[in-house]
Amino acid sequence: MGNELQVMRLNIAICDDEKTGAEPEATSTQVQSRWNSTLGQKAIIVPPELEEKMKNDPELAKKVMANIKNFITTYTATSVRLGRICSWLISLDENREIEKYRVTGGGGNISGPNRGAATPV
């Protein structure tokens, strides 16, 4: 399915509905550590039906991965601050379309040159 994007299976832990304590602050070292550990990673959630089709049809798999790569490239070019390191969680539907996505970023220039000033002529 391509080396540039790796399809990862996510193990989802089912949690008890009762909370045992307060939700941790986003600025806590534990939360920040977990977020930082995912910087630059890409996770693609593929429905089982589509995954089976992709296993049996390499051309379909290439098209799906090309669509994801195009989405990431376009999103990065238009919405990501220069120098940011992004993490991606993309969920596909049965029709191979991007159903939902989440992009988080860290690092890079918090303020600084715009793309025009930073791009060599």
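Because the structure is predicted, anything quoted here is derived from the model rather than measured.

(A) Broad picture of the packing of aromatic side chains. Tallying each qualifying case throughout the model produces five aromatic pairs. For the pair Phe71 and Tyr101, a centre-to-centre distance of 4.8 Å together with 65° between the ring planes defines the contact as edge-to-face. Here Phe71 is found in helix α3 (residues 58-79), whereas its partner Tyr101 is found in strand β3 (residues 98-106), with 30 residues between them in sequence. Judged by relative accessible area, which is 44%, Tyr101 ranks as partly exposed.

(B) The side chain of Asp93, seen in detail. For Asp93, the location among the structural elements is in the loop between β2 (85-92) and β3. Arg96 is the oppositely charged side chain nearest to the buried, salt-bridge-free Asp93, at an N-O distance of 8.1 Å. Ignoring anything within four residues of it in the chain, the contact list for Asp93 reads Pro47, Leu50 and Glu99.

(C) Molecular detail of the pattern of salt bridges. This model, assessed by the stated rule, comprises one salt bridge. Between Lys62 and Glu59 there is a salt bridge, with the nearest N and O atoms lying 3.5 Å from each other. In this pair, Lys62 and Glu59 both sit in helix α3, three residues apart, roughly one turn of the helix. A relative accessible area of 53% means that Lys62 is categorised as exposed.

What counts and how
- Residues numbered from 1 in each chain as written.
- Predicted model: local features only at pLDDT ≥ 70, side-chain atom pairs only at ≥ 80, totals over all residues.
- Heavy atoms only, no water.
- Phe/Tyr/Trp six-rings, centres within 6.5 Å; stacked < 30°, edge-to-face > 60°.
- Helix = DSSP H or I, 4+ residues; strand = E, 2+ residues; numbered from the N terminus.
- Buried < 20%, exposed > 50% of the residue type's maximum accessible area, 1.4 Å probe, protein only.
- Lys, Arg positive; Asp, Glu negative; His and termini not counted.
- Salt bridge = Lys/Arg side-chain N within 4 Å of Asp/Glu carboxyl O.
- Contact = heavy atoms within 4.5 Å.

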